[in-house]
Amino acid sequence: MSSYASTASIAQIADRIRGASHIAVLTHARPDGDAAGSVLAAVRAMRAVGLRAKGYFCGSVDPNIQSLAQSDETVHGNPPTMDSTIDLALLVDTGSWNQVEPLDGWLKSMAGRVVGLDHHGRGDPIASDRVVDTTAAAATQVVAELVDALGIDLRQHGGRYSIAEALFVGLATDTGWFRFESVTPAVLALASRLLAAGVDHTHLHQVLEENGRPARLGITARALSSVTLHREGRIAIMLLGESDFAATGAGSDDIGGIVNIPLTIRGIEMSCLLSEQSTGITKCSFRSKPMGEGHRDIDVNAFAAQFGGGGHVRAAGARIAMPLAQARARVESAVAALDVGGHS
Ligand SMILES: [Mn+2]
């Protein structure tokens, strides 16, 4: 995992793409806004230069996110059926075998014919040629460089939505709609270009953030009523069991963002949401917030790594192959051992 870094330039990735004829664009299972936005922007850009390209999604896909794709832009399956004429795979927003598990056999069969664009600090050498830019707030920031290298206008459409809109979705969702520390002048400069290219940002916000099912209220209430505070109130843990999903009619697509709610409270610097996916698997989401000058903030990427997961300093996740009660015990003991409250 330590050698996960760029092995190629954007220009070299663009050359590999121009030299291919049929490209599969892949991302991590259960694609979020950045993963899906990266896939859709890349597919639209490749089609605009005359290549055959399609996005492949694995695991459950939030219907609001899926609604951003044209029907012929993506294939969904577990694993999806891969066309035998595909001669190059582009992997975006991940480089970890454990995030592409449904496709690992196929990806291994494509060894040497996989290129990657990512912004995560951890990963595996799945893509021999890859650009890993950990300073990018979103993978779509890296994909935007590829679109520019291919010489494609950001206003090119895949039907209802443009390349610019797909790039914006990744940039906005991975920065908490431009709130996180990862927001730099480069992020806002790209956002400015995207708005100038016609992005309807209030429409995209409505589609992605104001479009929940009523069951979301019930599952949110259950998550909040489960909160326990640890380490003198610095760390919140919330638990959702299978019975909570059954009682409220909610599914795993209905809980996005709930993990952030405890961070609205003064003094809480880390929030954990443990949700039982099915008997034997507990999905864990971890978030932290900056506590100001001189404070040694919690790195949830490092925290998640203890459970085989990862992500970013402020947002990470893991899947623990245990039922909720046992996963809770594992996370609570890791929380008890965490070095908190110090100064840098
Ligand atoms: Mn991302």
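Residues numbered from 1 in each chain as written. Predicted model: local features only at pLDDT ≥ 70, side-chain atom pairs only at ≥ 80, totals over all residues. Heavy atoms only, no water.

1. Description of the packing of aromatic side chains
Next up, step 1: In the structure shown here, the tally under the stated rule is five aromatic pairs.
Next up, step 2: With a centroid separation of 5.0 Å and an interplanar angle of 80 degrees, the aromatic rings of Phe 286 and Phe 303 are classed as edge-to-face. Taken together, the residues Phe 286 in strand 10 (residues 281-288) and Phe 303 in helix 11 (residues 300-305) connect sequence positions 17 residues apart. Like Phe 303, Phe 286 is buried.
Next up, step 3: Members of the aromatic cluster, each reached through a chain of ring pairs, are Phe 168, Trp 177 and Phe 178. (Phe/Tyr/Trp six-rings, centres within 6.5 Å; stacked < 30°, edge-to-face > 60°. Helix = DSSP H or I, 4+ residues; strand = E, 2+ residues; numbered from the N terminus. Buried < 20%, exposed > 50% of the residue type's maximum accessible area, 1.4 Å probe, protein only.)

2. Comments concerning helix 7 (residues 185-196)
Next up, step 1: If you check helix 7, its first and last C-alpha atoms are 16 Å apart, about what twelve residues at 1.5 Å a residue would give, namely 16 Å.
Next up, step 2: Taken residue by residue, helix 7 has Val 187, Leu 190, Ala 191 and Leu 194 as its buried positions. For helix 7, the arc enclosing every buried residue in end-on projection is 105 degrees, short of the 170-degree limit, so these residues lie on one face. Turned more than 90 degrees off the buried face of helix 7, the exposed positions are Pro 185 and Ala 196. (Expected span 1.5 Å × (residues − 1). Arc of directions from axis to C-beta.)

3. Details of the sheet that holds strand 11 (residues 310-311)
Next up, step 1: Spatial strand order, 7-8-9-10-12-11: six strands in an open sheet with mixed pairing. With partners counted over all chains shown, the strands left at the sheet margins are strand 7 (228-230) and strand 11, one partner each.
Next up, step 2: Inspection of the sheet shows strand 7 paired to strand 8 (residues 235-240) by three bridges, in the antiparallel sense. Residue pairing across strands places Leu 229 opposite Ala 236, the latter belonging to strand 8.
Next up, step 3: Against the sheet, helix 12 (residues 324-337) contacts strand 7, strand 8, strand 9 (270-278), strand 10 and strand 12 (315-320), and its axis sits at roughly 175 degrees relative to strand 8. (Pairing = 2+ DSSP bridges. Contact = heavy atoms within 4.5 Å. Axes fitted to C-alpha atoms, helices over the stretch in contact; angles between N-to-C directions.)

4. Looking at the coordination of the manganese ion
Next up, step 1: Asp 34 (OD), Asp 93 (OD), His 119 (NE2) and Asp 174 (OD) make up the full set of protein donors to the manganese ion, lying at 2.1 to 2.3 Å.
Next up, step 2: Expressed as a motif, the donor residue spacing for the manganese ion is D-x58-D-x25-H-x54-D. In this pair, Asp 34 is assigned in helix 2 (residues 33-48) and His 119 in the loop between strand 5 (114-118) and strand 6 (129-132), connecting sequence segments 85 residues apart. Here the two residues Asp 34 and His 119 agree in accessibility, since each one is buried. (Donors = N, O, S within 2.8 Å, 3.2 Å for Na, K, Ca; no water.)

5. As for the domain arrangement of the chain
Next up, step 1: Assigned domains within the chain: domain 1 (10-209) and domain 2 (215-337).
Next up, step 2: Listed as interface residues are ten residues of domain 1 and, on the opposing side, twelve residues of domain 2.
Next up, step 3: Across the domain 1/domain 2 interface, buried area totals approximately 880 Å², and carbon plus sulfur atoms make up 38% of it.
Next up, step 4: Looking at the side of domain 1 facing domain 2, the largest losses of area belong to Arg 30, Arg 122 and Glu 181, adding up to 53% of the total buried there.
Next up, step 5: Our count for the domain 1 to domain 2 interface comes out at one salt bridge.
Next up, step 6: Residue Glu 181 pairs with Arg 314 through a salt bridge whose shortest N-O separation is 2.3 Å.
Next up, step 7: Taken together, the links from domain 1 to domain 2 amount to three residue pairs in polar contact (both at pLDDT 80 or more).
Next up, step 8: Split into classes, the residues belonging to the side of domain 1 that touches domain 2 amount to two nonpolar, four polar and four charged. (Domains from an automatic or database assignment. Buried area = accessible area lost by both parts, 1.4 Å probe. Salt bridge = Lys/Arg side-chain N within 4 Å of Asp/Glu carboxyl O. Polar contact = N/O pair within 3.5 Å; in protein donor to acceptor, adjacent residues only side chain to side chain. Nonpolar A, V, L, I, M, F, W, Y, C, P; charged D, E, K, R; others polar.)

6. With respect to the pairing of strand 5
Next up, step 1: For strand 5, the tally of buried residues reaches five of five residues, placing the bulk of the element in the interior.
Next up, step 2: Assessed by its sense of winding, the connection that carries the chain from strand 4 (residues 88-92) through helix 4 (residues 104-109) to strand 5 is right-handed.
Next up, step 3: Bridging between strand 5 and strand 6 involves four bridges; their strand directions are parallel. Bridge pairing links Gly 116 to Arg 130 in strand 6. (Right-handed = clockwise from strand over helix to strand, strands pointing away.)

7. Digging into the sheet that holds strand 4
Strand pairing in a sheet relies on backbone hydrogen bonds. The paired strands run either parallel or antiparallel.
Next up, step 1: Sheet architecture is open: six strands sit in the order 3-2-1-4-5-6, paired in parallel fashion. What marks the edges here is a single partner per strand, and that holds for strand 3 (74-76) and strand 6. Put simply, the sheet's adjacent strands are angled 20 degrees from each other on average, direction ignored.
Next up, step 2: Here helix 5 (residues 139-149) sits on the sheet and contacts strand 4, strand 5 and strand 6; the angle it forms with strand 5, its principal contact strand, is near 125 degrees.

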